[in-house]
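Take a look at the letters that make up each chain.
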Amino acid sequence: TTYETILLERKGRVAVLTLNRPEALNALNLQVMTEVVAAAEELDRDPEVGCIVLTGSAKAFAAGADIKEMRPQGYMDMYLSDWFTAWDRLGQVRTPTVAAVSGYALGGGCELAMLCDILLAADTAKFGQPEIRLGVIPGIGGSQRLTRAVGKAKAMELCLTGRTMGAEEAERAGLVSRIVPAAELLAEALSVAETVAGMSKPVAMMTKEAVNRAFETTLAEGVRFERRLFHAVFATADQKEGMSAFVDKRPPHFIHG
Ligand code: HXC
C-alpha cells in the first residue's frame, strides 16, 4: 500500500510510522487519520510485527486536528461522517504501540499520543489540549484519557485554559513514561520497541490487554481478568521457553506462540 501523509518503515520486528505533513506541522486531517489507521491495522495483522512506533518530526509530533479542514463543517457533516471515530481503531490495535513525541503534541496530537501504549517524550515535547481556544472541545478522547493519565486537577486546567505543558511537567504528571534528549528520541523509541518486539507476541498482547483493562473496570474484575490471562499464558510454548531459558541461564528464543 502506498501512503501520502505517512512514511512506513520496517526494522526487523519493529514498524515505524512517521507522520509526514511538514507543511502543516502534521495536522491530522481525514487523510492522515485514514492512512495511520489503515497502516496500523495492516501491521497489526502481520505476525512478523511485534511493536509499532508512531512518531512525527522534530518540531511537531502533530499540532492537532486540521483546523482548516474542520472550520467549515456543520453538525450534520460531523455527525453523518462520524468525524474522528476511526481514530478509536488505533486504540484497538492489539500489537503494542510506542508514541515517540518531539515538539508539539497539541489537541488531536496529544490525543493521538495518548492512544498509544508507551509514551516517550523528547525534552522538546509540548503537550496540551488547546481546543477551547478555537471554540471547541477535545474530540479524540482527550478529556477522558488526559484526565485518567494526569488526574482532574491538571486535566481540567489544561483543557479549560489551553495551556501547553513541557516534557518535565508531563513526566511528573504521569502522562509520559520517560524523557529522552531530542537527538536520541527515535533511537531510544526503537530500542524500547525492539525490546517489546523480542518478547512473546501473544504474551505482550495479553499484557497490553490486561493493563488497558484497568481503565475499563473495577479492581476486583480487573484482577480476575488478569488471573484468567495469567492462567492462559501457560498454554503457550513461549512460557516453557522463557522459563527454561532462565533455568538454563541462556537468552530465550520466543516463537511467538
Ligand atoms: C491546520 C495547522 C495546524 C492545525 C499548524 N498548522 N497547526 N493547520 N491545523 N492544527 C499550519 C499553520 O496554519 C501553518 O500553515 C503551518 O502549519 C505552520 O504553523 P505555524 O503556526 O506557522 O507555526 P508556529 O508559528 O511555529 O506555531 C506552531 C503552533 C501553531 C504553536 C503549534 O501552529 C498552533 O497553535 N497550531 C494549532 C494548535 C492547535 O490549536 N491544535 C488543536 C487543534 S484542534 P501556513 O499555511 O500558514 O504556513 C484539535 C481538535 C481535536 O485538535 C478534536 C476537536 C473536534
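Residues numbered from 1 in each chain as written. Predicted model: local features only at pLDDT ≥ 70, side-chain atom pairs only at ≥ 80, totals over all residues. Heavy atoms only, no water.

Named according to an unreviewed UniProt entry, the protein is Enoyl-CoA hydratase originating from Streptomyces caledonius. UniProt annotates the protein under Sequence similarities (unreviewed entry) with the comment "Belongs to the enoyl-CoA hydratase/isomerase family." (UniProt positions renumbered as here; feature names shortened; annotations may be inferred.)

## Here we look at the site of the ligand
Within the structure, the ligand sits among 23 residues, and Lys59, Ala63, Ala65, Ile67 and Gly108 are positioned closest to it. One of the backbone N or O atoms of Ala65 is found 2.8 Å from an oxygen atom in the ligand. Contact between the ligand and Ile67: a nitrogen atom at 2.9 Å from a main-chain N or O atom of the residue. For the ligand, whose accessible area on its own is 1,000 Å², the fraction buried by protein is 65%. (Near = heavy atom within 4 Å. Polar contact = N/O pair within 3.5 Å; in protein donor to acceptor, adjacent residues only side chain to side chain. Areas by Shrake-Rupley, 256 points an atom, 1.4 Å probe, with all protein chains shown as cover.)

## Let's talk about the environment of Ser57
Relative to the helices and strands, Ser57 resides in the loop between strand S3 (51-55) and strand S4 (60-62). For Ser57, a relative accessible area of 33% translates into the label partly exposed. Ser57 sits 138 residues away from Thr195 along the chain, and the two C-alpha atoms are 23 Å apart. Sequence-distant contacts of Ser57, that is, excluding residues within four places in its chain, are made with Asn26 and Ser102. Polar side-chain contacts of Ser57 include one of 3.4 Å to the backbone nitrogen of Lys59. (Helix = DSSP H or I, 4+ residues; strand = E, 2+ residues; numbered from the N terminus. Buried < 20%, exposed > 50% of the residue type's maximum accessible area, 1.4 Å probe, protein only. Contact = heavy atoms within 4.5 Å.)

## With respect to helix H1 (residues 30-44)
End to end, H1 covers 21 Å across 15 residues, agreeing with the expected 21 Å (1.5 Å per residue, within 8%). Next to the buried residues of H1 lie strand S1 (6-11), strand S2 (14-19), S3 and helix H4 (88-91). The distance from a side-chain oxygen at the start of H1 to the backbone nitrogen of Gln31 is 3.2 Å, and the residue carrying that oxygen is Asn29. (Expected span 1.5 Å × (residues − 1).)

## Details of the pairing of S2
Of all the six residues making up S2, six are buried; the element is thus mostly covered by neighbouring parts of the structure. Taking every second residue as pointing to the same face, both faces of S2 are buried, with Val14, Val16 and Thr18 on one and Ala15, Leu17 and Leu19 on the other. Where S1 lies against S2, six bridges are found, and the strand directions are antiparallel. What sits directly across from Glu9, in S2, is Val16. In textbook terms, the turn of a hairpin is the stretch between consecutive antiparallel strands, and for S1 and S2 this stretch comprises two residues, one of which, Gly12, has a positive phi near 60°. Crossover connection from S2 via H1 to parallel S3: handedness right-handed. (Pairing = 2+ DSSP bridges. Right-handed = clockwise from strand over helix to strand, strands pointing away.)

## Looking at the sheet that holds S3
Ordered by their spatial adjacency, six strands build an open sheet running S1-S2-S3-S5-S7-S10, and the pairing between neighbours is mixed. In the strand order of this sheet, the two ends are held by S1 and strand S10 (178-180), each with one partner. On average, adjacent strands in this sheet sit at an angle of 20° to one another, irrespective of strand direction. Contacting S1, S2, S3, strand S5 (97-101), strand S7 (118-122) and S10, helix H9 (residues 185-197) runs over the sheet at an angle of about 160° to S7. (Axes fitted to C-alpha atoms, helices over the stretch in contact; angles between N-to-C directions.)

## Observations concerning the nonpolar core
Of all hydrophobic cores here, the largest spans 50 residues; its most connected members are Trp87, Phe127 and Leu175. Ranked by residues supplied to this core, first place goes to H1 with seven residues. Counting residues in hydrophobic clusters, the runner-up holds 16 residues, among them Val14, Val16, Leu190 and Ala193. (Core = buried A, V, L, I, M, F, W, Y, C linked by side-chain atoms within 4.5 Å.)

## Thoughts on the pairing of S5
When you tally the buried positions in S5, you get five out of five residues, the bulk of the element. Of the two faces of S5, the one carrying Thr97, Ala99 and Val101 and the one carrying Val98 and Ala100 are both buried. Alignment of S3 against S5, held across four bridges, turns out to be parallel. Considered in S5, the bridge of Thr55 is made with Ala100. Inspection of the sheet shows S5 paired to S7 by four bridges, in the parallel sense. Residue Ala100 lies in a different strand from S7, and its bridge partner there is Leu120.

## Here's the deal with a nonpolar patch on the surface
Together, Tyr75, Met76, Tyr79 and Leu80 make up a nonpolar patch on the protein surface, roughly 530 Å² of accessible area in all. The class of Leu80 is exposed, set by a relative accessible area of 65%. (Patch = residues over 30% accessible without salt bridge, like charges linked within 9 Å, V, L, I, M, F, W, Y side chains within 5 Å. Salt bridge = Lys/Arg side-chain N within 4 Å of Asp/Glu carboxyl O.)

## Focus on the sheet that holds S4
Judged by pairing direction, the sheet is mixed, and its four strands sit side by side in the order S4-S6-S8-S9 without closing on themselves. The two strands at the open ends of the sheet, each matched to only one other strand, are S4 and strand S9 (165-166). One ladder, built from three bridges, connects strand S6 (residues 104-106) with strand S8 (residues 126-128); its direction is parallel. If you follow Leu106 over to S8, its bridge partner there is Gly128.

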